[in-house]
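Structural overview for review
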Amino acid sequence: MLNRRRLPGAVAALGRTGSSPFSITGAALDRDVALVDAGLNFGVTDNLNITADYIGSFGERLQDHTFAAKLRARFQGGRHGFMRSCRSR
């Protein structure tokens, strides 16, 4: 998915300086940012699934990228295998 974010009004960096023993500053935000969201899902078998996701934002000064991957495995049990052999004793 592709999208665009546009911030209204003046865009300024966050910041606070003064009498406190530390200062907090932030980066200025870009007014126009392109947003990208993509994902893939692979069903390797009925019991094994691999998912990969990417989220990115691209501005004039700043970029942000996130990647996540997930492996999902389902194991058969209960009525089959170990539990069945224990009940038959």
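So, here's what we can say about the structure.

Moving on, we get to the overall build of the protein. A tally of helices and strands in the protein yields 1 helix and 6 strands. For the protein, the N- to C-terminal ordering of α and β elements is β-β-β-β-β-β-α. Here the protein, with 89 residues, has 7% of them falling under the buried criterion. Long-range contacts, defined as pairs at least 24 residues apart, comprise 34% of the intrachain contacts of the protein with a sequence gap of at least 6. Accessible surface computed for the protein: about 7800 Å², of which carbon and sulfur atoms make up 57%.

Okay, the sheet that holds strand β5 (residues 48–58) next. The strands making up a sheet associate through backbone hydrogen bonding, with each pair oriented either parallel or antiparallel. With respect to topology, 4 strands assemble into an open sheet ordered β1-β4-β5-β6, the strand pairing being antiparallel. For this open sheet the edge positions go to β1 (2–6) and β6 (63–73), each flanked by a neighbour on one side alone. Direction aside, the axes of adjacent strands within the sheet are offset by 15° on average. In terms of strand pairing, strand β4 (residues 32–45) meets β5 through 11 bridges, oriented antiparallel. The residue of β5 that forms the bridge with Val36 is Gly56.

Moving on to the environment of Val33. For Val33, the position within the fold is in strand β4. With 27 residues separating them along the chain, Val33 and Arg6 place their C-alpha atoms 6.6 Å apart.

What counts and what doesn't
- Residues numbered from 1 in each chain as written.
- Predicted model: local features only at pLDDT ≥ 70, side-chain atom pairs only at ≥ 80, totals over all residues.
- Heavy atoms only, no water.
- Helix = DSSP H or I, 4+ residues; strand = E, 2+ residues; numbered from the N terminus.
- Buried < 20%, exposed > 50% of the residue type's maximum accessible area, 1.4 Å probe, protein only.
- Contact = heavy atoms within 4.5 Å.
- Areas by Shrake-Rupley, 256 points an atom, 1.4 Å probe, with all protein chains shown as cover.
- Pairing = 2+ DSSP bridges.
- Axes fitted to C-alpha atoms, helices over the stretch in contact; angles between N-to-C directions.

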